[in-house]
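# Structural features, examined
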Amino acid sequence: MKKKNIFIVLLCSICLLSCQKWLDIQPQSEVEKDRLFTTEDGFKEALLGIYTRCANGDLYGKELTIGTPEVLVQNYTIPNNDPLGYQKTARFDYDDGAFKDRKDNIWKGLYHGIVNANLLLAEIDSKRNLFVGDNYALIKGEALALRAFLHFDALRLFAPAPIVNAQADAIPYVTKYSNKTTPLSKVSAVLDSVIADLVVAKDLLKVDPIRSAGYVVGYPTVNDTLENSELSNNSLFLQNRRHRLNYYAVCGALARVYLYKGDKPKALANAMEVIVSKKFPWTNNTDFQSVKEDKKDRILYKELLFAWYIPGMSSEYNQEWFGTGRMNLDKEEGRTIYEVGGNGGGDLRYTQWFGAVSVGTTALSALVKYNRNTFSDNFEANLHYLMAPAIRLSELYYIAAECNYESNPTLAAEYLNQVRIQRGIGEPADVSTAIKFRIELLKEYRKEMYAEGQLFYAYKRLNASIIGEKGTIIPAGQKIFVWPLPSDEIIYGQR
């Protein structure tokens, strides 16, 4: 495959050259592009459709949240009969057919979302007169943020980390809806493009209702299913901003990207903007530990800056994925991860996220983090909607800790320990040396974001060895951290 001449056709099931219809953004209907972008509601439908597409099982609805990245960091004890077909993936067999299919579908899904964002962005400036209030800025800002977010995850999966080779060929950064070819960009160039999109998005989203003093982050209720309806005259589009790439989510994304690039001052600045805002409250332990399902918050909902809305995925998660004999965790391994025999004896993440099960004579822990009271996503039966976390408050504290460590290790420890305190760990982490700090930081990423898809990226960013079951050390290496690019047929859009 000639990387410099790679063509990237971004449609999963619809060929750009042969079909003029809208790109299946809303599964229930196909709307012709020319008609869709003649009204403000059409732009809203297009934007919300991108979120819907990204919440499918091949992307953040399953695979990039609880799926392949979590398997790669050895977070599951996969049974010998391998009912879901991930055992070879756990051994980093990237030639395995099942892995190739999942990997290629992830690539296609990410670029499907990108092409739809580009289609919206290609139309919005010339139709600015269609929009009322701040909707033009909100829609354009979110579309740019989505384009950046999806490219960044493609980069984190399919290219070397900048700490290893910032000048390596990476992925195409596609900014136009077109059938023209898009060559691969270097890792550094992709990061610069991601940052450029996010910076513009952040500026546009300064009008975001979530920034107003009246927008109070909380739980949905029976009488107010969407937050802060008084701010938006009951407009569904302006509510539930944490289910979207809102202003603070873009700050969080920028902190994440700058840290990946190695620009700690800018990463810290964006992380602190979220932390200082105090917009996202820590979850009350009474909500985390409640025995009543309609009062229980397992995913720490109020701390989510951004999450994917995944209605109807409860059965997929809790029966097909985390059911007994599926993707469980060896009981002793779970105790080791959460240090139950030591400082983690009171870690609420362990006590509230794992339940005891057994398969034969094997004692296992089953993740109940995504459990629902019913198999519907009816919030009346649960404290909040079923969401796949994308950016949470604690990650910003980890970023602040990492960015401060060299100049102020005491302050860094305070940020790290603040999360631990909220999770029931009163004893400070030992961060007396840089090596000990990194060990504790990675342990916290694993504990806090278990089954959220982020630990793989943390190991990769730091070029750190993966800690497997029973303390097995899997050395860092590009054969593990860099997924092979899709085949020519996928890249050229022939499938």
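Residues numbered from 1 in each chain as written. Predicted model: local features only at pLDDT ≥ 70, side-chain atom pairs only at ≥ 80, totals over all residues. Heavy atoms only, no water.

Glancing now at the pattern of salt bridges. Enumeration over the complete set of coordinates arrives at 34 salt bridges. The shortest N-O distance in the salt bridge between Lys-127 and Glu-123 comes to 3.2 Å. Of the charged contacts, one joins Lys-447 and Glu-444 as a salt bridge, the two residues approaching to 3.5 Å between their closest N and O atoms. Note that Lys-447 and Glu-444 are positioned in helix α17 (residues 434-448) at a spacing of three residues, about one turn of the helix. In this structure, Lys-447 and Glu-444 share a single accessibility class: buried. Within this structure, Glu-303, Glu-339, Asp-347, Arg-349, Arg-420, Arg-423, Glu-440, Lys-443, Glu-444, Lys-447 and Glu-448 form a network of salt bridges that share partners. (Salt bridge = Lys/Arg side-chain N within 4 Å of Asp/Glu carboxyl O. Helix = DSSP H or I, 4+ residues; strand = E, 2+ residues; numbered from the N terminus. Buried < 20%, exposed > 50% of the residue type's maximum accessible area, 1.4 Å probe, protein only.)

This part is about the sheet that holds strand β2 (residues 329-330). The pairing of strands in a sheet comes from backbone hydrogen bonds and takes either a parallel or an antiparallel form. Spatial ordering of the open sheet is given by β2-β4-β3, a layout of three strands whose pairing is antiparallel. Looking at the sheet topology across the chains shown, the edges are occupied by β2 and β3 (354-359). Here six bridges tie β3 to strand β4 (residues 362-367), and the two strands are oriented antiparallel to one another. Paired with Ser-358 across the two strands is Ala-363, which belongs to β4. (Pairing = 2+ DSSP bridges.)

On to the pairing of β4. It is a general feature of regular strands that their side chains alternate between the two faces of the sheet. Looking at chain direction, β2 and β4 are connected through two bridges and run antiparallel. Its bridge partner being in β4, Asp-330 is matched across the sheet by Leu-364. Hairpin connection between β3 and β4: a loop of two residues separates the two successive antiparallel strands, and Gly-360 in this loop has a positive phi of roughly 65°.

On to the confidence of the model for the chain. Mean pLDDT over the chain stands at 89; residues scoring 70 or higher make up 88%. Every residue in residues 1-31 scores below 50 in pLDDT, and together they form 80 contacts with partners more than four places removed in sequence or on other chains. In this model residues 222-234 is a low-confidence stretch, pLDDT under 50, and it forms 30 contacts with partners more than four residues away in sequence or in other chains. (pLDDT = per-residue confidence, 0-100. Contact = heavy atoms within 4.5 Å.)

With that settled, the discussion passes to unusual backbone geometry. A positive phi angle, near 50°, is found at Glu-339, a position not held by glycine. Tracing the backbone through its elements, the reader meets Glu-339 in the loop between α13 (331-337) and α14 (348-353). Overall, Glu-339 belongs to the partly exposed group, its relative accessible area being 24%.

One turn of the α-helix equals 3.6 residues, which is why residues spaced by three or four share an orientation. Spanning 14 residues, helix α10 (residues 264-277) covers 20 Å between terminal C-alpha atoms, matching the ideal 20 Å at 1.5 Å per step. Every buried residue of α10 is listed here: Ala-267, Leu-268, Asn-270, Ala-271, Val-274 and Ile-275. Along its buried surface, α10 packs onto α8 (187-204), α9 (247-261), β1 (304-309), α15 (393-404) and α16 (409-422). Measuring from the backbone nitrogen of Lys-266 back to the side-chain oxygen at the start of α10 gives 3.3 Å, which picks out Asp-263 as the cap. Backbone geometry just downstream of α10 places Lys-278 in the positive-phi region, at approximately 55°. (Expected span 1.5 Å × (residues − 1). Polar contact = N/O pair within 3.5 Å; in protein donor to acceptor, adjacent residues only side chain to side chain.)

The final tally for this structure, using the stated rule, is 37 aromatic pairs. Geometrically, the ring pair formed by Phe-99 and Trp-483 is edge-to-face, given 5.4 Å between the ring centres and 80° between the ring planes. Of the two residues, Phe-99 sits in helix α5 (residues 97-124) while Trp-483 sits in the loop between α19 (478-481) and α20 (488-491), which places them 384 residues apart along the sequence. The class for Phe-99 is buried, based on a relative accessible area of 0%. Arranged with centres 5.0 Å apart and planes meeting at 80°, the rings of Tyr-317 and Tyr-370 form a pair that is edge-to-face. Pair noted here: Tyr-317 is in helix α12 (residues 314-321) and Tyr-370 is in the loop between β4 and β5 (387-392), with a separation of 53 residues, a long-range link. Like Tyr-370, Tyr-317 is buried. Here the aromatic residues Tyr-76, Tyr-86, Trp-321, Phe-322, Tyr-338, Tyr-350, Phe-354 and Tyr-450 are joined through ring pairs into a cluster of three or more. (Phe/Tyr/Trp six-rings, centres within 6.5 Å; stacked < 30°, edge-to-face > 60°.)

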